[in-house]
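Here is what each chain is made of, one letter per residue.
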Amino acid sequence: MALTVAQMMEAANAAVPRISVADAMARIEAGALLLDVRDAPELQMQGRAQGSHHIPRGMLEFRADPATQFHDPELQKDRAVILHCASGGRAALAGKLLKDMGYGEVFNLGGLSDWKEGGGPASEPVDPGM
């Protein structure tokens, strides 16, 4: 049976809890990974959360699987992962993927704007020059 985006989002939101910036900061302080799943041009145009680790959503499966040559050692199944994107949709889907891959503690922070509005430190966008 084919799924719609709405059905995938519903399943992702049911599997991956949304957390506040304050909760995210406390978890990061305790060792959680803040993972930005936006594409590289978005980071350049919008800046990034201070201390965040970047893996584009399109590479997440390969970076999350220790059996691939592309595995990112920052991703460990026993380490909490807090995801964010631009608005929270990709973070939810990415979180569901990580849960499906056996990651235990996975949370959705929402978007970069949520981080900034909640007092999270962030870098400014890259100045493209003239």
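Here is a short report on the structure shown in this document. (Residues numbered from 1 in each chain as written. Predicted model: local features only at pLDDT ≥ 70, side-chain atom pairs only at ≥ 80, totals over all residues. Heavy atoms only, no water.)

## Remarks on the pairing of strand S3 (residues 81-85)
Here is step 1 of the chain: Among the 5 residues of S3, 5 are classified as buried, and the element is accordingly described as predominantly covered.
Here is step 2 of the chain: Every second residue of S3 is oriented toward a common face, with Val81, Leu83 and Cys85 on one face and Ile82 and His84 on the other, all of them buried.
Here is step 3 of the chain: Relative to S3, strand S1 (residues 33-36) runs parallel, the two sharing 4 bridges. For Leu34, the partnering residue across the bridge sits in S3 and is Ile82.
Here is step 4 of the chain: Of the strand pairs in this sheet, S3 and strand S4 (residues 106-111) are connected by 5 bridges, and their pairing is parallel. Of the residues in S4, the one forming a bridge with Val81 is Val106. (Buried < 20%, exposed > 50% of the residue type's maximum accessible area, 1.4 Å probe, protein only. Helix = DSSP H or I, 4+ residues; strand = E, 2+ residues; numbered from the N terminus. Pairing = 2+ DSSP bridges.)

## Some details on the environment of Gly104
Here is step 1 of the chain: Looking at where Gly104 falls in the secondary structure, it is placed in the loop between helix H5 (89-100) and S4.
Here is step 2 of the chain: Residue class for Gly104 comes out partly exposed when judged on its relative accessible area of 43%.
Here is step 3 of the chain: C-alpha separation for the pair Gly104 and Asp78, spaced 26 residues apart in sequence, amounts to 6.5 Å.
Here is step 4 of the chain: Setting aside residues no more than four positions away along its own chain, Gly104 makes contact with Lys77 and Lys99. (Contact = heavy atoms within 4.5 Å.)

## Quick notes on the packing of aromatic side chains
Here is step 1 of the chain: Evaluation of the coordinates by the stated rule reveals 1 aromatic pair.
Here is step 2 of the chain: Measuring from centroid to centroid gives 6.3 Å for Phe62 and Phe70, while their planes differ by 85°, and the two rings are edge-to-face.
Here is step 3 of the chain: Assessed through its relative accessible area of 41%, Phe62 is described here as partly exposed.
Here is step 4 of the chain: The ring of Phe107 has Arg27 sitting right over it, with the charged end atom 4.0 Å from the ring centre. (Phe/Tyr/Trp six-rings, centres within 6.5 Å; stacked < 30°, edge-to-face > 60°. Lys NZ or Arg CZ within 6 Å of the ring centre and 35° of its normal.)

## Quick word on the environment of His84
Here is step 1 of the chain: By secondary structure assignment, the location of His84 is in strand S3.
Here is step 2 of the chain: Non-local contacts of His84, meaning those with residues more than four positions away in its chain, are made with Leu34, Leu35, Asp36, Val37, Arg38, Ala49, Ala91, Leu109, Gly110, Gly111 and Leu112.
Here is step 3 of the chain: Polar contacts involving the side chain of His84 include one to the side chain of Asp36, which spans 3.5 Å. (Polar contact = N/O pair within 3.5 Å; in protein donor to acceptor, adjacent residues only side chain to side chain.)

## Details of the packing of helix H1 (residues 5-15) against H5
Here is step 1 of the chain: Contact pair H1 / H5: the axes reach a minimum separation of 8 Å and the direction vectors enclose 65°. In terms of axis orientation, H1 runs roughly perpendicular to H5. The interaxial crossing formed by H1 with H5 has left-handed handedness. In this structure, H1 uses Met8, Met9, Ala11, Ala12, Asn13 and Ala15 to contact H5, whose residues at the interface are Gly89, Ala92, Leu93, Lys96 and Lys99.
Here is step 2 of the chain: Here the residues of the contact of H1 with H5 sort into 7 nonpolar, 2 polar and 2 charged. (Axes fitted to C-alpha atoms, helices over the stretch in contact; angles between N-to-C directions. Parallel < 35°, antiparallel > 145°, perpendicular 65-115°, else oblique. Left-handed = near helix turned anticlockwise from the far one by under 90°. Nonpolar A, V, L, I, M, F, W, Y, C, P; charged D, E, K, R; others polar.)

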